[in-house]
Number of protein chains: 2
Amino acid sequence: MPLQLQQLLNRIQPADRSILATAQAHLDDLTKPRGSLGRLEEIALTYILSTGLLKPVLSKKKICCFAADHGVAAEGVSAFPAEVTPQMVYNMLSGGAAINVLTRHAGVDLDVVDMGVNHDFPDMPGLIKRKVRPGSSNMTIGPAMSEVETLQALLAGAELAAGAHEAGYHLLGTGEMGIANTTPATALYSVLLEVPIESITGRGTGIDDERLQHKIGVIKRAVEVNAARCTTVFGTLAALGGYEIAAITGFILGAASCRIPVVVDGFISSAGAVAALKLCPAVEDYLFFSHLSNEQGHRVVMQKLGARPILDLDLRLGEGTGAALAMQLIEGSVKIYNEMATFSAAKVSEKSAE
Amino acid sequence: MPLQLQQLLNRIQPADRSILATAQAHLDDLTKPRGSLGRLEEIALTYILSTGLLKPVLSKKKICCFAADHGVAAEGVSAFPAEVTPQMVYNMLSGGAAINVLTRHAGVDLDVVDMGVNHDFPDMPGLIKRKVRPGSSNMTIGPAMSEVETLQALLAGAELAAGAHEAGYHLLGTGEMGIANTTPATALYSVLLEVPIESITGRGTGIDDERLQHKIGVIKRAVEVNAARCTTVFGTLAALGGYEIAAITGFILGAASCRIPVVVDGFISSAGAVAALKLCPAVEDYLFFSHLSNEQGHRVVMQKLGARPILDLDLRLGEGTGAALAMQLIEGSVKIYNEMATFSAAKVSEKSAE
């Protein structure tokens, strides 16, 4: 493992569980039957554990949407042509994409990060340029990325998370844009979680049965061709990942090292999260899985991780759309913890002895 | 059926489905793969259908939280004493309850409506006084309410919805507070949906196994004692309901008559909705079920209705808490419809032919 990655991992500590009892006692003193706010209470506890703050603060929120192209798109695995990646980046920069609508709605700042789009963007407000290469290599022929490139993408993500921490953000979210990127995500899952490719390969942006079978074949070939490189998590990420996925992995690791919780978007972002979890299991304490994607296979992945996503809205768009919506619920959960009256202060009678 | 109720029902029309194709075409022209925003797209369509507006507006939102006491509380069916009903009303009026936190968070206005609390409230900001009687009668002995009282509560709810319409609200939500009110709600479901009482009786605010068996017995007695009164929906609502539940039924009917969509909160509010649906099936076009309650039985009820609630957060508090959270998602869905760029305007390539 590269030294810089090892140093990053060394900075990540599991959450301090000793504060849990105090936080739980406060939740139980709020004017509601114990546990009656269900997952909102769980979410508040997770937030408190991850930040280590018994008086949690949550106002500044940011989603980084990482964009990249994929050599494997040449294999015809997507319903949309590859030129849609830069077109959608422009759409995001002009405020017309779904993620723009939902981040505005949720009061979340948005950065679009070019990690490897096959297009030369001018300087534009809201665009962060971290391009490693204009598109990964076709992973059915060799590795998608070299290990040097993978480290560069990963560290760029980690640096953006650290920068957001310095800028005062309390909660971060992941998003991505990259035509064909369900293919590398699925390949990563199959190796990192040891699940059958057929059980997790889905229709992405909307391919038909025939192309779905073709996509399964493409992923199988990529995994076979790169088998010798997939002996470590980092090697697997390089061989079967993509620049935006490696950046998401780094973004999550960087956030965890700063004790900032991260909201993971959908199918692609979860692949970056799985790589981060496999590199450093303590990352689990800093993650929220925002929603159960409608992409076939996300359910399998969530079950493998023992994760229960916050929302289930049949989303399959990515960009960070599910993360933006989940951030509203997380913010509401923290407000419940911070703003509700206690039984004693509100002079409300507690539950009678049974 | 009382004449005034019949007149109210006559004003409710099914939604005009002829606008659906135009709305769907607009959704399909937005810069995302078709259908990739899943339930957000369905929610936007439901909102458009209910309002009849192809350029939907959604900014002003209000939840009415209806409060009342229940004679059946004397049977020991709740974990909390009956005096908690007025205490929690005061808590809501001073801003310390969960519903205050979540309505503030979601930008939703809140009215607390005394429909039948066993307490004489002074005039207070945010409190609407529509008390029919200070608590319903014990339904294990006779009807919970007379039909005259039931009509009064129902019409009060309808009038509040109409008033909200006149005040320019675009979306309404239900909430309730009333110690012991899972008991009448369960009794109503058992008769109106013809489901076994055991399958839908739950722990409310947190009773133990022994008291749960006792509660099932109480509900069975109430249904038996009132069997002769339960030959009509209105008669059933009177015999086995409560003032806040009848008000919720009226609120939903009133909103539907004004073509304002209503977000139904949890287990108790859904009982008001079921009565409204049984009185007038066209009401379905105006309803959002906000969340699947953790109260045992809500899943059965939602399945019986063929409804898929928006959220599943293990909430079992009521007050309107789930409705407030769902309103944020509904607002986000309408913004997606209104604010996203189209393929042509954003110069994004569409899906390739397969």
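Residues numbered from 1 in each chain as written. Chains lettered and ligands numbered in written order. Predicted model: local features only at pLDDT ≥ 70, side-chain atom pairs only at ≥ 80, totals over all residues. Heavy atoms only, no water.

Description of the overall build of chain A
Just so we agree on the cut-off: The helix and strand labels rest on DSSP assignments: H or I over at least four residues marks a helix, E over at least two residues marks a strand, and numbering proceeds from the N terminus. Radius of gyration means the value over C-alpha atoms here, while the globule rule gives 2.2 Å times the residue count to the 0.38 power. Exposed residues in this analysis have more than 50% of their type's maximum accessible area, buried residues have under 20%, and partly exposed residues fall in between, with area computed by a 1.4 Å probe over protein chains only. Using a 1.4 Å probe, the Shrake-Rupley method yields the accessible areas, and only the shown protein chains count as cover for residues. Residues scored as charged are limited to Lys and Arg (positive) and Asp and Glu (negative), so that His and the chain ends carry no count. In this description, the location of a charge corresponds to atom NZ of lysine, CZ of arginine, CG of aspartate or CD of glutamate.
A count of helical and extended segments in chain A gives 15 helices and 6 strands. Compactness check: chain A gives a C-alpha radius of gyration of 20 Å against a globular reference of 20 Å for 354 residues, within 12% of the reference. Considering only C-alpha atoms, chain A reaches an extent of 70 × 45 × 40 Å along its principal axes. Across the 354 residues that make up chain A, the buried fraction comes to 66%. Accessible surface, chain A: about 11,900 Å² in total, of which carbon and sulfur atoms supply 52%. The averaged location of the 36 negative side-chain charges in chain A is 3 Å from the averaged location of its 29 positive side-chain charges.

Observations regarding helix H6 (residues 147-166) of chain A
Residues and elements named next belong to chain A. Convention followed: To estimate how far a helix should reach, multiply one less than its number of residues by 1.5 Å.
With 20 residues, H6 should cover 28 Å at 1.5 Å per step; its first-to-last C-alpha distance of 28 Å lies within 8% of that length. Every buried residue belonging to H6 is among Glu-149, Thr-150, Leu-151, Ala-153, Leu-154, Ala-156, Gly-157, Ala-158, Leu-160, Ala-161 and Ala-164, and all of these are buried. Note on H6: the residue one or two positions beyond its end, Gly-168, has a positive phi of about 95 degrees.

As for the packing of aromatic side chains
Residues and elements named next belong to chain A. Where we set the bar: Only the six-membered ring of Trp is used, alongside the rings of Phe and Tyr, when aromatic pairs are assigned; centres must lie within 6.5 Å, and planes under 30 degrees apart are stacked while those over 60 apart are edge-to-face, with the rest tilted. Here, over-ring charges are defined by two tests on the NZ atom of lysine or the CZ atom of arginine: distance to the ring centre within 6 Å, and angle to the ring normal within 35 degrees.
Within the structure shown, the criterion is met by 6 aromatic pairs over all chains. Here the aromatic rings of Tyr-189 and Phe-267 are separated by 5.1 Å at their centres, their planes lie at 65 degrees, and the arrangement is edge-to-face. Within this pair, whereas Tyr-189 is found in helix H7 (residues 182-192), its partner Phe-267 is found in helix H12 (residues 267-279), the two being separated by 78 residues in sequence. Phe-267 carries the same exposure label as Tyr-189, and that label is buried. Note that Lys-60 overlies the ring of Tyr-169, its terminal NZ or CZ placed 4.4 Å from the centroid.

With respect to the relation of the copies chain B and chain A
What counts here: Only residues with pLDDT of at least 70 in both copies count here: their C-alpha atoms drive the least-squares fit that superposes the copies. Contact between two residues is taken to exist if any of their heavy atoms lie within 4.5 Å; hydrogens are not considered.
Under the fitted operation, chain B is carried onto chain A by 0.0 Å of movement along the axis and a turn of 180 degrees, and the coordinates agree to an RMSD of 0.0 Å. What the superposition gives is, in effect, a two-fold axis relating one chain to the other. Minimal C-alpha separation from the rotation axis in chain B is found for Leu-311 of chain B, amounting to 3.3 Å. The overlap is high: 100% of the interface residues of chain B also sit at the interface in chain A, so the same surface is used on both sides.

Describing the pairing of strand S2 (residues 109-116) of chain B
Residues and elements named next belong to chain B. Stated precisely, the cut-off is as follows: We call two strands paired when DSSP finds no fewer than two bridges between them.
Counting buried positions along S2 gives 7 out of 8 residues, so the element sits mostly inside the fold. Both S2 and strand S3 (residues 127-129) contribute to a ladder of 3 bridges, which runs parallel. Counterpart to Asp-114 in the pairing with S3 is Lys-129.

Examining the packing of helix H3 (residues 38-51) of chain B against helix H14 (residues 321-339) of chain B
All names here are of chain B. Note the threshold: Orientation is described by lines fitted to C-alpha atoms, with helices fitted over the stretch in contact, and by angles between N-to-C directions that extend from 0 to 180 degrees. Should an angle lie under 35 degrees it is considered roughly parallel, over 145 roughly antiparallel, and from 65 to 115 roughly perpendicular; all remaining angles are considered oblique. Ten residue types, Ala, Val, Leu, Ile, Met, Phe, Trp, Tyr, Cys and Pro, are classed as nonpolar, four, Asp, Glu, Lys and Arg, as charged, and the remainder, Gly among them, as polar.
Closest axis-to-axis distance for the H3/H14 pair is 8 Å, and the angle between their directions is 85 degrees. Considered as vectors, H3 and H14 are oriented roughly perpendicular to each other. Two secondary-structure elements touch here, H3 through Leu-40, Ile-43, Ala-44, Tyr-47 and Ile-48 and H14 through Leu-329, Ile-330, Ser-333, Val-334, Ile-336 and Tyr-337. Partitioning the contact of H3 with H14 into residue classes produces 10 nonpolar, 1 polar and no charged.

Side note on the sheet that holds strand S1 (residues 61-68) of chain B
All names here are of chain B. Here 6 strands make up an open sheet; going across it, the order is S3-S2-S1-S4-S5-S6 and the pairing parallel. Each of the sheet's edge strands pairs with one partner strand only, and the pair in question is S3 and strand S6 (287-289). The sheet shows a mean angle of 30 degrees between the axes of neighbouring strands, direction not considered. Pairing geometry for strand S4 (residues 171-177) and strand S5 (residues 262-264), over 2 bridges, is parallel. In the sheet register, Gly-173 faces S5, and the bridge partner there is Val-263. Docked against the sheet, helix H6 (residues 147-166) engages S1, S2, S3 and S4, running at close to 160 degrees with respect to S2.

Quick notes on the sheet that holds strand S6 (residues 287-289) of chain A
Residues and elements named next belong to chain A. Read from one edge to the other, the open sheet built from 6 strands follows the order S3-S2-S1-S4-S5-S6, with strand pairing classed as parallel. On the outer flanks of this sheet lie strand S3 (127-129) and S6, each paired with one strand and no other. On average, each strand axis in the sheet is inclined to that of its neighbour by 30 degrees, with strand direction left out of account. In this structure, strand S1 (residues 61-68) lies alongside strand S2 (residues 109-116), joined through 7 bridges in parallel fashion. Bridge assignment links Ala-67 to a residue of S2, and that residue is Asp-114.

Considering the environment of Glu-319 of chain A
Residue and element names in this part refer to chain A. Let me state the cut-off plainly: Identification of polar contacts relies on pairs of N or O atoms within 3.5 Å, with a donor-acceptor requirement for protein atoms, meaning one able to donate a hydrogen and the other able to accept it, and with residues adjacent in sequence counted only if both atoms are side-chain atoms.
Mapped onto the secondary structure, Glu-319 falls in the loop between helix H13 (298-305) and helix H14 (321-339). In this structure Glu-319 touches Ile-63, Cys-65, Met-88, Met-92, Ala-97, Ala-98, Ile-99, Gly-175, Glu-176 and Asp-265, once residues within four positions along its chain are discounted. Within polar-contact distance, the side chain of Glu-319 engages the backbone nitrogen of Ile-99 at 3.0 Å.

What about the interface of chain B and chain A?
Put simply, the rule is: The term buried area refers to how much accessible surface (probe radius 1.4 Å) is lost by two components on association, counted for both of them together. Within this document, salt bridges are pairs made up of a side-chain nitrogen of Lys or Arg and a carboxyl oxygen of Asp or Glu, the two lying within 4 Å of each other.
In this complex, chain B contributes 60 residues to the contact, which on the side of chain A involves 60 residues. Together chain B and chain A conceal approximately 5,000 Å² of surface at their shared face, both sides included; 58% is due to carbon and sulfur atoms. Summed over the shared surface of chain B and chain A, the result is 6 salt bridges. If you list the elements that add at least two residues to the side of chain B that touches chain A, you get H3, helix H4 (84-93), helix H5 (98-106), H14 and helix H15 (343-346) of chain B.

Some thoughts on the nonpolar core
Defined as follows: Here, nonpolar core refers to any group of buried Ala, Val, Leu, Ile, Met, Phe, Trp, Tyr and Cys residues whose side-chain atoms link them within 4.5 Å.
Counting 281 residues, the largest nonpolar core has Met-115, Leu-253 and Val-283 of chain A together with Met-115, Leu-253 and Val-283 of chain B as its most contacted members. Once residues within four sequence positions are removed from consideration, Met-115 of chain B is found in contact with Phe-66, Ala-67, Ala-68, Arg-130, Lys-131, Val-132, Arg-133, Ala-153, Ala-156, Tyr-243, Glu-244 and Ala-247 of chain B.

Observations regarding the pattern of salt bridges
Summed over the entire model, instances satisfying the criterion amount to 32 salt bridges over all chains. Across the salt bridge formed by Asp-312 of chain B and Arg-308 of chain A, the nearest N and O atoms sit 3.8 Å from each other. Highlighted residues: Asp-312 of chain B in the loop between helix H13 (298-305) and H14 and Arg-308 of chain A in the loop between H13 and H14, drawn from two different chains. Using a relative accessible area of 40% as the deciding quantity, one classes Arg-308 of chain A as partly exposed. Here the residues in one salt-bridge network are Arg-308 of chain A together with Asp-312 and Asp-314 of chain B, joined through shared partners.

Comments concerning the confidence of the model for chain A
Note that predicted coordinates carrying low pLDDT should not be read in detail. Formally: Values of pLDDT, which run from 0 to 100, indicate the predictor's confidence residue by residue.
Per-residue confidence for chain A gives a mean pLDDT of 97, with 99% of residues at or over 70. Of the two predicted TM-score estimates for the complex, the pTM is 0.97 and the ipTM is 0.97.

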